[in-house]
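# Overview (structure and organization)
So the chains spell out like this:
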Amino acid sequence: MEKALAETGWRVMVPSGAGRKGGYVELRAGGRLPRECGDHTKPSTPPKGLVFPNNEELLSYVLGVKGEIEVGPASHTMARTVLYGTPPCDTASFRALDSALLKDMAEPGYAGKRGLLGVIGMACSRAGRWCFCTSVGLSPRSNIGADLMVYPDGDDLLVERVSDRLDGLWKRLEAGAAGADEKALRAVEGKFVPRVLNFVFEAEKLADALEKAFGSPYWKEFSERCVSCGICTFLCPTCHCFDITDVAKDELSGKRLRTWDTCQFPEFTGETSAHNPRKERWARQRQRVLHKFLYHPRNHGHMMCTGCGRCIRYCPVDINIAEGVMRLGGSK
Amino acid sequence: MRDYRSESARLREIVSGLLERGEVELVVAWTEGEDRPRTRETLIGKGREDLLRKVVWSPFCTTSTVTFLKKNKAALAGKRLGVVVKDCDLQALNVLLQEHFLKREDLVIIGVRCDGLAEADLFPRPEGAEVPITSDGGGVTVGKQRRAWEDSGFTTCLTCSYEDMKPDHVVGEYGRKKGKPEWGHLARLQALEPGKRREHYAALFESCIRCYACREVCPVCACVECAIDPGERAITPRTAPSVKACAPVWACRERSVSENAVYLLTRTMHMAGRCVRCGWCERACPVGLPLMEILDLSNDAVRRVYRYEVGRDPADPPFLASYAETDPDDKGAGH
């Protein structure tokens, strides 16, 4: 795999392996690919920033001497990139991002980069304390969102072709006889056993239950200690809200920037009149939960949560989305 | 050796007594959550036996009840409150009291004497509620798992020297000698040549994702409208459009070394004489920025140059609102 990937000349991004705080980093020339994946290798920042950067220039402008405005073209491109070794939760995040930013009306900034990204997911061998992928319709071996899926098997690596987007690489691998037949794949798949979790969300039932719970007093208790920072959403692999600001360099030139925004900031829904429909923290937390488990599933047929557990793990005040969802509409 | 189960029981007695006797309407305390030994701040009213039962005090009470007061200030206004604080929370509370952000007469302060904190996530989840949590001079123990204080994830606690706790009620006795406020990283950074130092800070500023967790978790970062990037604007329907249009933007939304530096360094300057070195900002930072390295630049000046001890007593004047004739910066100012 290392050889085949090196031959393509593509940029390869892998989990930094830092476990706690870090991101996906570029694999150095000659570097080794990760051999396993699990909660202990999952970086704190998800891979979405590759195709949905926190800081993206949408256009630049210069005002000419005669008053004409020259608008610089936006660059919606990046080096051809392969993400390697993403756990199934991060792999599946691309399904949610695609459905929001690509499906009905392709967003050029995202689409341009997404077209240059290949995803090689890896079956996950270690669930963490905050993982709940099996509750949201995924599993440690699900290949949703992947183009190729790899299953570590001792010193071997079984590869499954999921889409045709990385066929160039796939053909090189086949030539090296690394491809897996169905039978071998099924045999090794069994090793990646989902951890039995004590809660299960059934998408449709959950959406109905949450809709009924819109006026529940529990939202206030759920969010009374929320500090309204951006951790849960900025670290979420599927959250994709943004803000657009014009940044003037001087009186004659500047640029238009897109940066991550979050429903947890009060100003997110602030209106110029000073009215704010989500002034209270509980209303903002409710929006976060309902977007993931009610609105997005109704619109796109899958939950906008991959159970990666980052928002629980890194929340500074121990707000637990799984606990909240269980309380309002889950079943044991 | 300290046994936090018995100290928690004592704390529950005090809290329930205050509520029963009607001395307070509500109490802000830590309770055990879903994810032991993690704890969370909780608002407890009379009759909430379900919550009262979970009230806890341990080295895993790592969040600040004062941040909770700050965040719920409007909702709690005019109510008589009990608040459980550890040493650094009390220092932060003193800062807010000095600045008249809160009123002392509205509060009944229950102090828990703290020997240091430990990161809950470094310990395995204790099976069952009966697993003892203890500590001594050397470290923290949960069941069979023991970690030294130096190895428990809280560097700021190792240099905490605050012992002036004078709350209304107190739980526990110190079981460990307090540290000395010596911060090694400053000497190390100041020894770097300017170019290297610049590289060091540039790398630090570059990684910031501007989630503002550091500002939001901070117990004393209490401005309604932050000067840097207001998450909340102090405007009303009567605010004139010209005022809104002319609101200064000190750091724009761009995530770049220079804009992030404006945010992080301005925060550092605003925190001079207010930062109690609880270290929560650094622990909360999701990208692992060593924020105390920046904050200690001003903390060090406050402590060494001005010999001011932050949040020692609510009657002390605030650092930036006090003047001493011995002020070393006042030489040659025309006096």
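Only a predicted model underlies this, so the values are computations on that prediction, with no experimental measurement involved.

Another aspect to go through is the overall build of chain A. Within chain A, the regular secondary structure consists of eleven helices and ten strands. Here chain A has a C-alpha radius of gyration of 21 Å; the compact-globule value for 332 residues is 20 Å, and the two agree. Over its C-alpha atoms, taken along the principal directions, chain A stretches across nearly 65 × 60 × 35 Å. Buried positions account for 45% of the 332 residues belonging to chain A. Relative to all contacts within chain A whose residues are 6 or more apart in sequence, the contacts with residues 24 or more apart total 72%.

All right, on to the overall build of chain B then. Secondary structure assignment for chain B yields 13 helices and nine strands. For 335 residues, the compact-globule formula gives about 20 Å, and the C-alpha radius of gyration of chain B, at 21 Å, lands near that figure. Overall size of chain B, expressed as C-alpha extent along the three principal axes, is 60 × 50 × 45 Å. Looking at the 335 residues of chain B, the share that counts as buried comes to 40%.

Residue and element names in this part refer to chain B. Taken domain by domain, chain B consists of domain 1 (2–171) and domain 2 (184–314). Relative placement of domain 1 and domain 2: their C-alpha centres are 26 Å apart. Elements that contribute at least two residues to the side of domain 1 that touches domain 2 include exactly α3 (65–71), α5 (87–98) and α6 (155–158). Looking at the side of domain 1 that touches domain 2 element by element, the count peaks at nine residues for α5. Of the residues contributing to the side of domain 1 that touches domain 2, the split by class is eight nonpolar, seven polar and four charged.

A few words on the sheet that holds strand β3 (residues 55–63) of chain A. All names here are of chain A. With antiparallel pairing, four strands are arranged side by side in an open sheet as β4-β3-β10-β9. Since the sheet does not close on itself, it has two edges, and those belong to β4 (69–72) and β9 (242–248), each with one partner. The sheet shows a mean angle of 20 degrees between the axes of neighbouring strands, direction not considered. The pairing of β9 with strand β10 (residues 253–260) spans seven bridges and is classified as antiparallel. Paired with Asp 243 across the strands is Thr 259, a residue of β10.

The next thing to look at is the confidence of the model for chain A. Close inspection of predicted coordinates is inappropriate for parts of the model with low pLDDT. Per-residue pLDDT for chain A averages 89, and the proportion of residues at 70 or more is 94%. The spread of mean pLDDT over the elements of chain A runs between helix α5 (residues 182–189) of chain A, the lowest at 75, and helix α8 (residues 231–234) of chain A, the highest at 97.

Taken together, the 33 residues of chain A in the interface contact 36 residues of chain B. Among the secondary structure elements, those contributing two or more residues to the side of chain A that touches chain B are α8, β9 and β10 of chain A. The element contributing the most residues to the side of chain A that touches chain B is β9 of chain A, with three residues. Residue classes in the side of chain A that touches chain B are distributed as 13 nonpolar, twelve polar and eight charged.

In a beta sheet, neighbouring strands are held together by backbone hydrogen bonds and run either parallel or antiparallel to one another. All names here are of chain A. Spatially, β2-β1-β5-β6-β7-β8 is the arrangement adopted by the six strands of the open sheet, whose pairing is mixed. Looking at which strands have only one partner, the edges of the open sheet turn out to be β2 (24–26) and β8 (156–161). Across the sheet, the axes of successive neighbouring strands diverge by a mean angle of 25 degrees, strand direction being ignored. Taken together, the three bridges between strand β1 (residues 11–15) and β2 define a ladder with antiparallel strand orientation. Bridge assignment links Met 13 to a residue of β2, and that residue is Glu 26. Running over the sheet, helix α2 (residues 88–103) touches β5 (81–86) and β6 (117–122) and is turned about 145 degrees from β6.

Counting buried positions along β6 of chain A gives six out of six residues, so the element sits mostly inside the fold. Burial along β6 of chain A is two-sided: Leu 117, Val 119 and Gly 121 of chain A facing one way and Gly 118, Ile 120 and Met 122 of chain A facing the other are all buried.

With that out of the way, let us pick up the environment of Phe 192 of chain A. Residue and element names in this part refer to chain A. One can find Phe 192 in the loop between α5 and α6 (203–212). The class for Phe 192 is buried, based on 21 C-beta atoms found within 10 Å. Distance in space between the C-alpha atoms of Phe 192 and Ile 144 is 15 Å, their sequence separation being 48 residues. Setting aside its immediate chain neighbours within four residues, Phe 192 contacts Ala 123, Cys 124, Ser 125, Pro 140 and Arg 141.

Once that is clear, we can look at the confidence of the model for chain B. Residues and elements named next belong to chain B. Scored by pLDDT, chain B has a mean of 91; 98% of the residues are at 70 or more. Here helix α10 (residues 241–245) stands out as the element of chain B with the lowest mean pLDDT, 83, in contrast to strand β4 (residues 81–85), whose mean of 98 is the highest. Across the interfaces of the predicted complex, the ipTM metric reaches 0.92, alongside a pTM of 0.93.

Residues and elements named next belong to chain B. Interhelical geometry of helix α8 (residues 194–207) versus helix α11 (residues 257–270) gives an angle of 90 degrees and a closest axis separation of 8 Å. The angle between α8 and α11 places the two elements in the roughly perpendicular class. Packed against α8, whose contacting residues are Ala 202, Phe 205 and Glu 206, the element α11 presents Val 257, Asn 260, Ala 261 and Leu 264 at the interface. When its residues are assigned to classes, the contact of α8 with α11 shows five nonpolar, one polar and one charged.

This next bit is on helix α11 (residues 321–329) of chain A. All names here are of chain A. Most of α11 sits out of view: seven of its nine residues are buried. Along α11, the positions that sit buried rather than exposed are Ile 321, Ala 322, Gly 324, Val 325, Met 326, Leu 328 and Gly 329. Along its buried surface, α11 packs onto α6, α7 (218–223), α9 (281–300) and α10 (310–313).

Definitions and cut-offs
Residues numbered from 1 in each chain as written. Chains lettered and ligands numbered in written order. Predicted model: local features only at pLDDT ≥ 70, side-chain atom pairs only at ≥ 80, totals over all residues. Helix = DSSP H or I, 4+ residues; strand = E, 2+ residues; numbered from the N terminus. Rg over C-alpha atoms; globule rule 2.2 N^0.38 Å. Buried ≥ 20, exposed ≤ 12 C-beta atoms within 10 Å, placed from the backbone. Contact = placed C-beta atoms within 7 Å. Domains from an automatic or database assignment. Nonpolar A, V, L, I, M, F, W, Y, C, P; charged D, E, K, R; others polar. Pairing = 2+ DSSP bridges. Axes fitted to C-alpha atoms, helices over the stretch in contact; angles between N-to-C directions. pLDDT = per-residue confidence, 0-100. Parallel < 35°, antiparallel > 145°, perpendicular 65-115°, else oblique.

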